[in-house]
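Summary of structural features
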Amino acid sequence: MTSCVRILGVDPGLRTMGWGVVDVVGSRLSFVACGSLRSRPADSLAERLRALHEGLVGVIADHAPAEAAVEETFVNADPQSALKLGQARGIALLAPALAGLPVAEYAANLIKKTVTGAGHAEKAQIALMVKFLLPKSDAASPDAADALAVALTHARLRASRRLAAAVAARGR
């Protein structure tokens, strides 16, 4: 009998951080929950990061995932924005790691390709495919839909990642 694995997907952002939780049993996927964590732009950077951290810690406590996956961010905007986004991404990696979860990272194009079949899909296409793959999902924001797409990508690729790690470990 195949056991259930609960996966947390995170779409990092400083203003809005999306999160989504799915259960995986064999190749069957089911929606658990999703949402967005928001920080207040008027707050200091430290306060915004604290709010995102506390929110993500709460999501982890509420939904008890076994694994986490985070979208790698690619930003070609100004360096200051890229640094701030990187700090929010640090929160997205740190909170599950502190909870003892293994954390995988996936490039945005890989997530899009895995979920929609096209590496340059638009947010609307991703949201439609997430709804198709998880009919009970209720993503109210693009960030939550993107986070579910991250979780779906991890669900589909986690077995191959484990196999590659085992092969690499044997070669040492």
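Heads up: the structure comes first, above all this text.
Residues numbered from 1 in each chain as written. Predicted model: local features only at pLDDT ≥ 70, side-chain atom pairs only at ≥ 80, totals over all residues. Heavy atoms only, no water.

Some thoughts on the overall build of the protein
- Helix and strand counts for the protein stand at five helices and five strands.
- With the C-alpha coordinates aligned to their principal axes, the bounding extent of the protein is approximately 50 × 40 × 35 Å.
- Relative to its 172 residues, the protein shows a buried fraction of 41%.
- Contacts in the protein between residues at least 24 apart in sequence constitute 61% of all its contacts with a sequence separation of at least 6.
- Element-wise, carbon and sulfur atoms account for 57% of the exposed surface of the protein, whose accessible area totals about 9200 Å².
- Charged side chains of the protein number 20 positive and 15 negative; the gap between the two group centres comes to 6 Å. (Helix = DSSP H or I, 4+ residues; strand = E, 2+ residues; numbered from the N terminus. Buried < 20%, exposed > 50% of the residue type's maximum accessible area, 1.4 Å probe, protein only. Contact = heavy atoms within 4.5 Å. Areas by Shrake-Rupley, 256 points an atom, 1.4 Å probe, with all protein chains shown as cover. Lys, Arg positive; Asp, Glu negative; His and termini not counted. Charge placed at Lys NZ, Arg CZ, Asp CG, Glu CD.)

Topic: unusual backbone geometry
- If you check the backbone angles, Ala64 has positive phi at about 45 degrees while not being a glycine.
- Among the secondary structure elements, Ala64 is positioned in the loop between helix H1 (45-63) and strand E4 (67-71).
- Given the relative accessible area of 57%, Ala64 is considered exposed.

Comments concerning the pairing of strand E3 (residues 28-38)
- Pairing of strand E2 (residues 16-25) with E3, which is carried by 10 bridges, proceeds in the antiparallel orientation. Paired with Gly20 across the strands is Cys34, a residue of E3.
- Hairpin connection between E2 and E3: a loop of two residues separates the two successive antiparallel strands, and Gly26 in this loop has a positive phi of roughly 65 degrees. (Pairing = 2+ DSSP bridges.)

So, the nonpolar core
- Judged by nonpolar contacts, the single largest core of 22 residues is most densely connected at Ile7, Val22, Val130, Leu134, Leu148 and Ala149.
- If you tally residues by element for this core, the top one is helix H5 (residues 142-170), at seven residues.
- What Ala149 contacts, discounting residues up to four positions off in sequence, is Ile111, Val115, Ile126 and Val130.
- In this structure, Trp19, Ala33, Ile60 and Ala88 belong to the second largest nonpolar core, which totals 20 residues. (Core = buried A, V, L, I, M, F, W, Y, C linked by side-chain atoms within 4.5 Å.)

A few points about the packing of H1 against helix H2 (residues 79-98)
- Between H1 and H2, the shortest axis-to-axis distance is 9 Å and the interhelical angle comes to 30 degrees. Classified by the angle their axes make, H1 and H2 are roughly parallel. Relative to H2, the crossing made by H1 is right-handed. Contacts between H1 and H2 pair Leu45, Leu49, Leu52, His53, Leu56, Val57 and Ile60 from the former with Lys84, Gln87, Ala88, Ile91, Ala92, Ala95, Pro96 and Leu98 from the latter.
- Residues of the contact of H1 with H2, tallied by class, amount to 12 nonpolar, two polar and one charged. (Axes fitted to C-alpha atoms, helices over the stretch in contact; angles between N-to-C directions. Parallel < 35°, antiparallel > 145°, perpendicular 65-115°, else oblique. Left-handed = near helix turned anticlockwise from the far one by under 90°. Nonpolar A, V, L, I, M, F, W, Y, C, P; charged D, E, K, R; others polar.)

Focus on the sheet that holds strand E1 (residues 4-11)
- Sheet architecture is open: five strands sit in the order E3-E2-E1-E4-E5, paired in mixed fashion. Of all the strands in the sheet, just E3 and strand E5 (103-106) have a single pairing partner and so form its edges. Across this sheet, the average inter-strand angle for adjacent strands is 20 degrees, counted without regard to direction.

Observations concerning H2
- Between its first and last C-alpha atoms H2 spans 28 Å; for 20 residues at 1.5 Å apiece the expected length is 28 Å, and the two agree.
- Within the sequence span of H2, burial applies to Leu85, Ala88, Arg89, Ile91, Ala92, Ala95 and Pro96. Looking straight down H2, one finds its buried side chains confined to an arc of 140 degrees; they lie on one side. In H2, the exposed positions that point more than 90 degrees away from the buried face belong to Pro79, Leu83 and Leu98. (Expected span 1.5 Å × (residues − 1). Arc of directions from axis to C-beta.)

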